[in-house]
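Close look at the chain arrangement
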Amino acid sequence: MYRLIPKRKNALGMIISALFITCGIFLLALGIREESALSPLLKTSSTVLFIPGILIAARYVFYSYEYAVEDGTFTVKEKRFKKSFTVARIAVSEIDEVTVIASRRDRRKIKNSKSKIYDYRPDLFPKRYHVIITRSYNYCEEGEELWLLVSLDDKMLTLLSDK
């Protein structure tokens, strides 16, 4: 059994979230302070900025992931505060491919893909990550692919590549 809790390599999610929330607070303060024709617009704009700020914070600041290979199964757990939820479980024998994504050209493949894509990376815009691809009928329709975006270390990559 091998477990991996990938560390965040950049604080971009936290910075972007803080920026959205700070701008939202600033616009809300202006909207409350000035009772003019722009007041409703400023209050609405602050709400529009709060929503992505809170969503980005919830996803990239308050969540973490744990990857595990145990008894021939690759498992992804999502950790929220003290609770843990299993969000993906795939038999290692049913993994068709594990690909490293490190360039813009590789990222375009994911963007243009029609596969089912699930993102379990701890960083907002990581420079390097991995795609686990399966075509097993247990997880997707015939002709479809299931892609899991994850951040693996070398040992986990070796465990998943060797079948």
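So, how was this worked out
Residues numbered from 1 in each chain as written. Predicted model: local features only at pLDDT ≥ 70, side-chain atom pairs only at ≥ 80, totals over all residues. Heavy atoms only, no water. Core = buried A, V, L, I, M, F, W, Y, C linked by side-chain atoms within 4.5 Å. Buried < 20%, exposed > 50% of the residue type's maximum accessible area, 1.4 Å probe, protein only. Helix = DSSP H or I, 4+ residues; strand = E, 2+ residues; numbered from the N terminus. Contact = heavy atoms within 4.5 Å. Polar contact = N/O pair within 3.5 Å; in protein donor to acceptor, adjacent residues only side chain to side chain. Pairing = 2+ DSSP bridges. Axes fitted to C-alpha atoms, helices over the stretch in contact; angles between N-to-C directions.

1. Quick notes on the nonpolar core
Core analysis: the biggest nonpolar cluster contains 20 residues, and Tyr 67, Phe 74, Met 156 and Leu 160 have the highest contact counts within it. Elements with a minimum of two residues in this core: strand S1 (2-4), strand S2 (63-70), strand S3 (73-80), strand S4 (83-91), strand S8 (146-150) and helix H4 (154-161). Residues Ile 101, Tyr 129, Trp 147 and Leu 149 belong to the second largest nonpolar core, which totals seven residues.

2. Remarks on the environment of Tyr 120
In this fold, Tyr 120 is placed in the loop between strand S6 (116-119) and strand S7 (129-134). For the pair Tyr 120 and Glu 35, spaced 85 residues apart in sequence, the C-alpha to C-alpha distance is 45 Å. Ignoring anything within four residues of it in the chain, the contact list for Tyr 120 reads Arg 59, Tyr 65, Tyr 67, Val 76, Val 87, Ala 88, Leu 148, Leu 149 and Val 150. Of the polar contacts made by the side chain of Tyr 120, one reaches the backbone oxygen of Val 87; its length is 3.5 Å.

3. A look at the sheet that holds S7
Two pairing modes exist for strands in a sheet, parallel and antiparallel, and in both the strands are linked by backbone hydrogen bonds. A sheet is described by the order of its strands in space; here four strands give the open sequence S5-S7-S8-S6, paired in mixed fashion. The open sheet has two edge strands, strand S5 (97-101) and S6, and neither has a second partner. Neighbour-to-neighbour, the strand axes of the sheet open up by a mean angle of 20°, direction not taken into account. Sheet topology note: the S7/S8 ladder contains five bridges and is antiparallel.

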